[in-house]
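Chain and residue survey
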Amino acid sequence: MNNARLRVFPAISRNRDPGKYVDELMHVAHFADLNGLAGLLLFEGNDVFVQPWAMAQHIVAQTKRSSPLIAVNPVYMHPFTAAKLVSSFVQLYGRKLYLNMITGTAVSDLQALGDQCAHADRYVRLGEFIKLVRLLLESSRPIDFRGTFYTASGLHLHYRPPADLLPEFLIAGQSDAAQRIASEAGCIKMQMLPPDHDRGINAPGLNFGIFARQGRDAARRAARERFSDSAEGRELLTLTMENTDSVWKRRLFEGQTAEMQHNGYWLLPFLTFQADCPYLVGSYAEIGEKLRTFAAQGLTTIMLDMIADEAEMRHVGKALQASGLF
């Protein structure tokens, strides 16, 4: 077996029903816990039904090994609050957390919150946020900090997690500002699965979904049945594009085709507002081989869009196991 391993954070596909939200998250969380996946990706935003730190505690309390990937946006909390929450999780559960650092892309959300920062400035703030959280979690002495957005004087966290339980930070933004902050702050850079994924991977992290069956043709047929094209879905996406300054969403939206590519790359779920990323469609063996190829190119981390359906999750599990990286 290949000595490399891939760290996978599943995320549920779009859910607009608050009555099903928690159950679907827990369904995927238990699947992840039983199948060697790292832990659920938990979103943040004005429209998220359950605050991600609350959901993370609910998941950690009911799983054996899950380490959630929690979306953190400086517009919602101070760095000291984030550091104390990380410290609290370590003390309560002995679990490592991962933090998905975001700036918020829904313009209406930011306006509703009274946030006036320009796109580039939000990433400056994000960089300061990450630096301050790290200092608080790692420093044995009170810290002083002077930045554009944050200042601290003699600030001290009274419990510091051990080194092996310190959080890791991910940044999924694709703008120049996002990439610069990811490099400066030592974060895991994420990118969307590129159409030419044989040569287009240039970050240690990828965001995509998997749709798999025993055979390639069966996978393609089932994928088209699951994710059907619709004018309503396309219109919904177009409306959301008017309310975002996200670079990666623009890149996916503009000039892309909904046709399934020969290599299994498929953007229809994104273009019809059924997923937030491209999908990779193929047989278990094909996808397992692609994952091995991605790992050989330096891939370490996957944000994996998943359908909260037991049968579909089993298919994804078979594709992941076919890689030999779990």
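The sections below set out a description of the structure shown in this document. In this text, all values refer to a predicted model and were calculated from it rather than measured experimentally.

The rules behind the values
- Residues numbered from 1 in each chain as written.
- Predicted model: local features only at pLDDT ≥ 70, side-chain atom pairs only at ≥ 80, totals over all residues.
- Heavy atoms only, no water.
- Helix = DSSP H or I, 4+ residues; strand = E, 2+ residues; numbered from the N terminus.
- Rg over C-alpha atoms; globule rule 2.2 N^0.38 Å.
- Buried < 20%, exposed > 50% of the residue type's maximum accessible area, 1.4 Å probe, protein only.
- Contact = heavy atoms within 4.5 Å.
- Areas by Shrake-Rupley, 256 points an atom, 1.4 Å probe, with all protein chains shown as cover.
- Lys, Arg positive; Asp, Glu negative; His and termini not counted.
- Charge placed at Lys NZ, Arg CZ, Asp CG, Glu CD.
- Axes fitted to C-alpha atoms, helices over the stretch in contact; angles between N-to-C directions.
- Parallel < 35°, antiparallel > 145°, perpendicular 65-115°, else oblique.
- Nonpolar A, V, L, I, M, F, W, Y, C, P; charged D, E, K, R; others polar.
- Pairing = 2+ DSSP bridges.
- Right-handed = clockwise from strand over helix to strand, strands pointing away.
- Expected span 1.5 Å × (residues − 1).
- Arc of directions from axis to C-beta.

Attention shifts here to the overall build of the protein chain. Counting secondary structure elements, the protein chain contains twelve helices and twelve strands. At 20 Å, the protein chain has a C-alpha radius of gyration in line with the 20 Å of a compact globule built from 326 residues. Seen through its C-alpha atoms, the protein chain measures out along the principal axes to roughly 60 × 45 × 40 Å. Residues counted as buried form 53% of the 326 residues belonging to the protein chain. When contacts within the protein chain are restricted to residue pairs at least 6 apart in sequence, those whose partners lie at least 24 apart make up 70%. With an accessible surface of roughly 14,400 Å², the protein chain has 48% of that area assigned to carbon and sulfur atoms. Here the protein chain carries 34 positive and 34 negative side-chain charges, and the mean point of each set is 6 Å from the other.

Okay, unusual backbone geometry next. Here F273, not a glycine, exhibits a phi torsion of approximately 60 degrees, which is positive. Inspection of the secondary structure puts F273 in the loop between α10 (268-271) and β11 (279-283). The class for F273 is buried, based on a relative accessible area of 11%.

Bringing the packing of helix α2 (residues 52-61) against helix α3 (residues 79-93) into the picture now. Between α2 and α3, the shortest axis-to-axis distance is 12 Å and the interhelical angle comes to 10 degrees. In this view, α2 runs roughly parallel relative to α3, as classed from their interaxial angle. In this structure, α2 contributes W53, A56, Q57, V60 and A61 to the contact, and α3 contributes A82, L85, V86, F89, L92 and Y93. Here the contact of α2 with α3 is composed, by residue class, of ten nonpolar, one polar and no charged.

Once that is clear, we can look at the pairing of strand β8 (residues 188-192). Looking along a regular strand, one sees the side chains alternate between the two faces of the sheet. In terms of burial, β8 is a largely internal element, four of the five residues being buried. Summarising the sheet, strand β7 (residues 168-171) and β8 pair through two bridges and their orientation is parallel. Note that in β8 the partner of L170 across the bridge is I188. In this fold, β7 hands off to helix α6 (residues 176-184), which returns the chain to β8; that crossover is right-handed.

It is worth spelling out the pairing of strand β9 (residues 205-213) at this point. With nine of nine residues buried, β9 lies mostly within the body of the structure. Here β9 shows two buried faces, one formed by G205, N207, G209, F211 and R213 and the other by L206, F208, I210 and A212. Across three bridges, the pairing between β8 and β9 is parallel. By the bridge assignment for β9, M192 is matched with N207. Where β9 and strand β12 (residues 301-306) come together, five bridges link them in parallel fashion. Following the sheet pairing, F208 is matched in β12 by L304.

Take helix α11 (residues 284-296) next. One turn of the α-helix equals 3.6 residues, which is why residues spaced by three or four share an orientation. A rise of 1.5 Å per residue sets the reference length of α11, with its 13 residues, at 18 Å; its end C-alpha atoms lie 18 Å apart and thus fit the reference within 8%. Within α11 the residues assigned to the buried category are Y284, I287, G288, K290, L291, F294 and A295. The buried residues of α11 occupy one face: seen down the axis, they fall within an arc of 160 degrees. Those residues of α11 that are exposed and aimed more than 90 degrees away from the buried face are A285 and A296. Here the buried face of α11 lies against β9, β11, β12 and α12 (310-322). Positive backbone phi, approximately 110 degrees, marks G298, located one or two places after α11.

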